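# Observations on the model geometry
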Amino acid sequence: DLVSVYVALLTGTALGAYSSGASNVHRLLKDSLRLGFENIALRRDAEDKARLLEATLQNMRHGISLADAQDRLCIWNAQFVELVGLPEVEVGEGKSMQAMLGRARPPLELGAAQRIEHRRNDGGVIEVAPNARPGGGRVITYTDVTDLKRREAALEAARRNAEQANAAKTRFLAAASHDLRQPIHALGLLFATLADRVRDAQTAPLLDQIDDSVQAVDAMLNSLLDISKLDAGVVEPRIEPVDLVALFQRLNNEHQPIA
């Protein structure tokens, strides 16, 4: 009987241990499968993001290159190769950025500059902007600014032409005012001499209108000279009383026949 009881106890103990071990194995297998599926999902998500990043880089207008702390190329896009003008065989992961950029035509030297303009042999202009990464290395962007530089050059040429035309206009107005002033002055003297000889009650109104017209022409010549002075920037404003009655009377005499 004692032997039977002892065997029964050993059997129960063995069965309990087996049951406990099987439960632990089952739990471990379940946890392992769960972790495996999670790892697969994470890997697929990382692969999807990598493909999205690759598509984004390859479809950007700007060239991009990323170098590590040892200045070795890690990531780049096709625009980088095209804008810098490098043979594709010279570009590869782990290659020295300085060595690759030195093979551009002409060689591209960044140095410590934050932003430079690289002029290619074909006349294109590339703006190169390096940016340091917090963990070491740098990201460099390459932008084609050829059209922008051409427009800036065209605007600068147009500005210079406009300034030259304005200066020519100023010289012309000054010369015209000076050359016309002498015959107008002579006309005034001759008219004054004639008016003294023919002035009577009938001719007085007509002589006054002619005199006003001569003065108006002289005033317009003075205005032309003032415009040339304004363009030259030598006119100083002078504030003083103005005889409005005389001003409007002259305007009336000038425009009354037309009205």
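Below is a summary of the structure that appears in this document. Quick caveat, the model's predicted, so the values are computed rather than measured.

For the protein chain, the count of helices and strands is six helices and five strands. Reading the helices (α) and strands (β) of the protein chain from amino to carboxyl end gives α-β-β-α-α-β-β-β-α-α-α. In the protein chain, which comprises 259 residues, the proportion classed as buried is 20%. The contacts in the protein chain between residues at least 6 apart in sequence include a share of 36% that link residues at least 24 apart.

Here strand S1 (residues 63-67) lies mainly inside the structure; five of its five residues are buried. Here S1 shows two buried faces, one formed by Gly63, Ser65 and Ala67 and the other by Ile64 and Leu66. Pairing analysis gives five bridges linking S1 to strand S5 (residues 138-144), with the strands arranged antiparallel. Paired with Ser65 across the two strands is Ile140, which belongs to S5.

Further remarks concern the nonpolar core. In this structure, Phe80, Leu86, Met97, Leu101, Leu108, Val128 and Tyr142 are the most contacted members of the largest nonpolar core, which totals 19 residues. Taken together, the elements giving at least two residues each to this core come down to helix H2 (78-84), helix H3 (97-101), strand S4 (125-132) and S5. Examining the composition of this core, we find that four residues originate from one element, H2, more than from any other.

Moving on, we come to unusual backbone geometry. One non-glycine residue, Asp71, lies in the positive phi region at around 60°. The residue Asp71 is located in the loop between S1 and strand S2 (73-76) in this model.

Right, let's get into the packing of aromatic side chains. On inspection of all chains with the given rule, the structure shows one aromatic pair. Note on Phe80 and Tyr142: the rings are 5.0 Å apart at their centroids and 45° apart in plane angle, and the pair reads as tilted. Remark: Tyr142 occurs in strand S5 and Phe80 occurs in helix H2; sequence separation between them is 62 residues. A relative accessible area of 0% places Tyr142 in the buried class.

Before going further, it helps to examine a nonpolar patch on the surface. A contiguous nonpolar patch, built from Val242, Leu244, Phe248 and Leu251 and spanning about 390 Å² of accessible area, is present on the exposed surface. If you trace the backbone, Leu244 turns up in helix H6 (residues 244-255).

In a beta sheet, neighbouring strands are held together by backbone hydrogen bonds and run either parallel or antiparallel to one another. Strand order in this open sheet of five strands is S2-S1-S5-S4-S3, and the pairing throughout is antiparallel. Taken across any chain shown, the strands that pair with only one partner, and hence form the sheet edges, are S2 and strand S3 (116-119). With strand direction ignored, the average angle separating the axes of adjacent strands in the sheet is 25°. The pairing of S4 with S5 spans seven bridges and is antiparallel. Note on S5: the bridge partner recorded for Ala132 is Arg138.

Summed over all chains, the structure comprises twelve salt bridges. Glu152 serves as the salt-bridge partner of Lys149, at 3.6 Å between the closest nitrogen and oxygen. Linking Lys149 with Glu152, this pair stays in helix H4 (residues 146-198), spanning three residues, or about one helical turn. For Glu156, the salt bridge identified is with Arg159, shortest N-O distance 2.3 Å. On the criterion of helical spacing, the pair formed by Glu156 and Arg159 is a turn pair, its members being three residues apart in helix H4. Classification of Arg159 by relative accessible area gives partly exposed; the value is 39%. Taken together, the shared-partner salt bridges in this structure form one network comprising Glu156, Arg159, Arg160 and Glu163.

To continue, consider the side chain of Arg138. Within the secondary structure, Arg138 sits in strand S5. A polar contact of 3.2 Å, which involves the side chain of Arg138, links it to the side chain of Asp71. Not counting residues up to four positions away in its chain, the partners in contact with Arg138 are Ser65, Leu66, Ala67, Asp71, Leu110, Asn131, Ala132 and Arg133.

So, how was this worked out
Residues numbered from 1 in each chain as written. Predicted model: local features only at pLDDT ≥ 70, side-chain atom pairs only at ≥ 80, totals over all residues. Heavy atoms only, no water. Helix = DSSP H or I, 4+ residues; strand = E, 2+ residues; numbered from the N terminus. Buried < 20%, exposed > 50% of the residue type's maximum accessible area, 1.4 Å probe, protein only. Contact = heavy atoms within 4.5 Å. Pairing = 2+ DSSP bridges. Core = buried A, V, L, I, M, F, W, Y, C linked by side-chain atoms within 4.5 Å. Phe/Tyr/Trp six-rings, centres within 6.5 Å; stacked < 30°, edge-to-face > 60°. Patch = residues over 30% accessible without salt bridge, like charges linked within 9 Å, V, L, I, M, F, W, Y side chains within 5 Å. Areas by Shrake-Rupley, 256 points an atom, 1.4 Å probe, with all protein chains shown as cover. Salt bridge = Lys/Arg side-chain N within 4 Å of Asp/Glu carboxyl O. Axes fitted to C-alpha atoms, helices over the stretch in contact; angles between N-to-C directions. Polar contact = N/O pair within 3.5 Å; in protein donor to acceptor, adjacent residues only side chain to side chain.

These figures come from the coordinates and say nothing about function on their own.
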